[in-house]
Amino acid sequence: MIDQVSSQKNAAGGASWSAVFAMSVCAFALVASEFMPVSLLTPMAGDLGVTEGMAGQGIAISGAFAVLTSLFISVLAGSLNRKTLLLTLTAAMGLSGAVVALAPNYPVYMLGRALIGVVIGGFWSMSAATAIRLVPADEVPRALAILNGGNALATVVAAPLGAYLGVVIGWRGAFIALVPVAAATLAWQWIALPAMPVPARTKQPGAAAGARQAMRIFQLFKHGGAAVGLAASSLFFMGQFALFTYVRPFLETVTRVQAPALSLILLVVGAAGIIGTMLIGRALRWRFHRTLTAIPLLMALIALALVAFGGSAAAVVVLLGLWGFAGTAAPVGWWAWVARTFPQDAEAGGGLFVAVVQLAIALGSTLGGLLFDRSGYLGTFGASAVLLLAAAMLTAAMPGARPARG
């Protein structure tokens, strides 16, 4: 009955704002789940009997599974009602939190992290298309802003809250705390989301749909400006997460920060990120290309400065604040680049970008973990600086945004 009422309301041109807010809460829980290991790396590693670098691979494996899911979710889901698909993904998010929290060993922990990767890829690949179906056309920008508000809020509170909960109830308790949030979101979406059947014109046999999806991706890569931009963004996110994934052990072993102060520092990083996100729109309108170039260049300098001044708590707080200011705002710029570059095929371009970003996060956190275990923070932060500098150089050489034809 609820589904029928919601569908009729949406078909009549009404807006399902409750469903939009439910998806925003889901986005908050999802981003918090994705990056929770960043603030809990040390206790997780000790409890599971592995190094910090191996524990950090939990972010790498979630990124890898997100890549595969984002590219092929529409093919795998077939004609499944999109409401049912979103509810299934939300339930899987809660299951992932429980698996990680109760993991008796490292392989089970990695299994739980792989599951959250599937949810990440599926949810973000469908988010824009779902928002379009929930509200009238003139309200889509507002709906997307609300949906991404959950993402922005999670970037502020997830890391410091995770560190705090890790002290109070342990790292397992921090992950189990995500389960009731996922359950509440599941119930809200069950009530608020309208039925979203797949349009008949998009239903294709599995092989045909897969071939068509592969062809669309290939056509997007053939555009020179798109290829350079995707490579530049990939290097950027690799460099960002090669460093940030291992910021907690750096703060504990180099800066000598204790757990309460650690939460405050991570809160500074998140708060600075919100400010950066609020201001980057003006910078992009003023100098779009220069802004995209300046961000990785600034972060490369910050990575090197952290190596030089890592022993000074005051300097590290300022530097990490600047890191959050630039790094959290950067995805806004790159999503704007996607909209400029793929105006005729935003769905495929967005899915491709999600895949590229998640692959970069997986590779960056993997590389950072290997270097951290082998040569400590010097190797990890140095590699981050090199990757970010390469991203800045490639962005500077990137052609102006020209529509890609796919």
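Residues numbered from 1 in each chain as written. Predicted model: local features only at pLDDT ≥ 70, side-chain atom pairs only at ≥ 80, totals over all residues. Heavy atoms only, no water.

S.K.: Would you take a moment to explain the overall build of the protein for this structure?
M.R.: Secondary structure summary: the protein contains 15 helices and 0 strands in total. Taking all 406 residues of the protein together, the buried fraction comes to 52%. In the protein, 86% of the contacts between residues at least 6 apart in sequence involve partners at least 24 apart. Here the protein displays about 16,800 Å² of accessible surface, and carbon together with sulfur accounts for 71% of that area. (Helix = DSSP H or I, 4+ residues; strand = E, 2+ residues; numbered from the N terminus. Buried < 20%, exposed > 50% of the residue type's maximum accessible area, 1.4 Å probe, protein only. Contact = heavy atoms within 4.5 Å. Areas by Shrake-Rupley, 256 points an atom, 1.4 Å probe, with all protein chains shown as cover.)

S.K.: For this particular structure, what's the right way to read the nonpolar core?
M.R.: What tends to happen in soluble globular proteins is that the nonpolar side chains get buried as a cluster. Ranked by size, the top nonpolar core spans 53 residues in total, and within it Phe 236, Leu 251, Leu 306 and Trp 334 carry the most contacts. Going through the elements one at a time, helix H6 (140-168), helix H10 (224-244), helix H11 (247-253), helix H12 (259-286), helix H13 (288-309), helix H14 (313-341) and helix H15 (346-396) are the ones with two or more residues in this core. In contact with Trp 334, other than residues within four places in its own chain, are Gly 229, Ala 232, Ser 233, Phe 236, Phe 237, Leu 292, Phe 353, Thr 395 and Met 398. By size, the runner-up hydrophobic cluster in this structure holds 34 residues, among which are Met 93, Ala 143, Ala 154 and Ala 182. (Core = buried A, V, L, I, M, F, W, Y, C linked by side-chain atoms within 4.5 Å.)

S.K.: When you look at the packing of aromatic side chains in this model, what are you seeing that I'm missing?
M.R.: Aromatic ring pairs are reported here in terms of the distance separating the ring centres and the angle at which the planes meet. With the rule as written, the count across this model stands at 9 aromatic pairs. Taking the centre distance of 4.7 Å and the plane angle of 45° together, the rings of Phe 250 and Phe 381 count as tilted. With Phe 250 in helix H11 and Phe 381 in helix H15, this pair connects stretches of sequence that are 131 residues apart. When its relative accessible area of 0% is taken as the criterion, Phe 381 is described as buried. Ring centres of Tyr 377 and Phe 381 lie 5.9 Å apart, and the angle between their planes is 80°; this geometry places the pair in the edge-to-face category. Taken together, the residues Tyr 377 and Phe 381, both in helix H15 and 4 residues apart, mark about one turn of the helix. Given a relative accessible area of 22%, Tyr 377 falls into the partly exposed group. (Phe/Tyr/Trp six-rings, centres within 6.5 Å; stacked < 30°, edge-to-face > 60°.)

S.K.: Mind showing me how you'd approach unusual backbone geometry here?
M.R.: Backbone phi values are negative for most residues with the exception of glycine, while trans is the configuration of most peptide bonds. Residues other than glycine seldom take positive phi values, yet Arg 256 does so here, at roughly 65°. Tracing the backbone through its elements, the reader meets Arg 256 in the loop between H11 and H12.

S.K.: Is there a simple way to explain H13 in this structure?
M.R.: Residue pairs three or four apart in sequence face the same way in an α-helix, which turns once every 3.6 residues. Across its 22 residues, H13 extends 31 Å between first and last C-alpha, which sits within 8% of the 32 Å expected from 1.5 Å per residue. Those residues of H13 lying buried are Phe 288, Thr 291, Leu 292, Thr 293, Ile 295, Pro 296, Met 299, Ala 300, Ile 302, Ala 303, Ala 305 and Leu 306. (Expected span 1.5 Å × (residues − 1).)

S.K.: Hey, could you run me through a nonpolar patch on the surface in this one?
M.R.: Among the surface-exposed residues, Leu 161, Tyr 164, Val 167, Val 168 and Ile 169 lie close enough to one another that they form a single nonpolar patch of about 480 Å² accessible area. As for its position among the elements, Tyr 164 is in helix H6. (Patch = residues over 30% accessible without salt bridge, like charges linked within 9 Å, V, L, I, M, F, W, Y side chains within 5 Å. Salt bridge = Lys/Arg side-chain N within 4 Å of Asp/Glu carboxyl O.)

S.K.: I keep staring at the environment of Val 316 and nothing clicks. Help me out?
M.R.: Note on placement: Val 316 falls in helix H14. Since its relative accessible area comes to 0%, Val 316 is described here as buried. Residues within four places of Val 316 in sequence aside, it is in contact with Phe 250, Leu 251, Thr 255, Leu 306, Phe 309 and Gly 310.

S.K.: What is the right way to look at the packing of helix H2 (residues 17-48) against helix H4 (residues 82-101) in this model?
M.R.: For any two helices packed against each other, one specifies the inter-axial angle together with the distance between the axes. Two elements in contact, H2 and H4, have axes whose closest approach is 11 Å; the angle formed by their N-to-C orientations is 35°. Where H2 crosses over H4, the handedness of that crossing is left-handed. Together, Met 23, Cys 26, Ala 29, Leu 30 and Ser 33 of H2 and Leu 86, Thr 90 and Met 93 of H4 make up the contact between the two elements. (Axes fitted to C-alpha atoms, helices over the stretch in contact; angles between N-to-C directions. Left-handed = near helix turned anticlockwise from the far one by under 90°.)

S.K.: Can you help me understand H12 in this one?
M.R.: Taking 1.5 Å as the rise per residue, H12 with 28 residues should run 40 Å; its terminal C-alpha atoms sit 41 Å apart, in good agreement. Those residues of H12 not exposed but buried are Leu 262, Ser 263, Ile 265, Leu 266, Val 269, Gly 270, Ala 272, Gly 273, Gly 276, Ile 280 and Leu 284.

S.K.: Just checking my understanding: could you explain the confidence of the model for the protein for this structure?
M.R.: Any residue range with low pLDDT should be treated as having predicted coordinates unsuitable for detailed reading. Averaged over all residues, the pLDDT of the protein equals 82, while 84% of them reach at least 70. In the predicted structure, residues 1-13 sits below a pLDDT of 50 and forms 18 contacts with residues beyond four places in sequence or in another chain. pLDDT under 50 marks residues 401-406. Its contacts with residues more than four places away, or in other chains, come to 18 contacts. (pLDDT = per-residue confidence, 0-100.)

S.K.: I keep staring at the packing of H2 against helix H3 (residues 52-77) and nothing clicks. Help me out?
M.R.: Direction vectors running N to C along H2 and H3 enclose 160°, while the axes themselves pass 9 Å from each other. Our classification of the angle between H2 and H3 gives roughly antiparallel. You can see that H2 and H3 cross each other, and the crossing is right-handed. Note on element contacts: H3 touches H2 through Glu 52, Ala 55, Gly 56 and Ile 59, opposite Glu 34, Pro 37, Val 38, Leu 41, Thr 42 and Ala 45. For the contact of H2 with H3, a count of residues per class yields 6 nonpolar, 2 polar and 2 charged. (Parallel < 35°, antiparallel > 145°, perpendicular 65-115°, else oblique. Nonpolar A, V, L, I, M, F, W, Y, C, P; charged D, E, K, R; others polar.)

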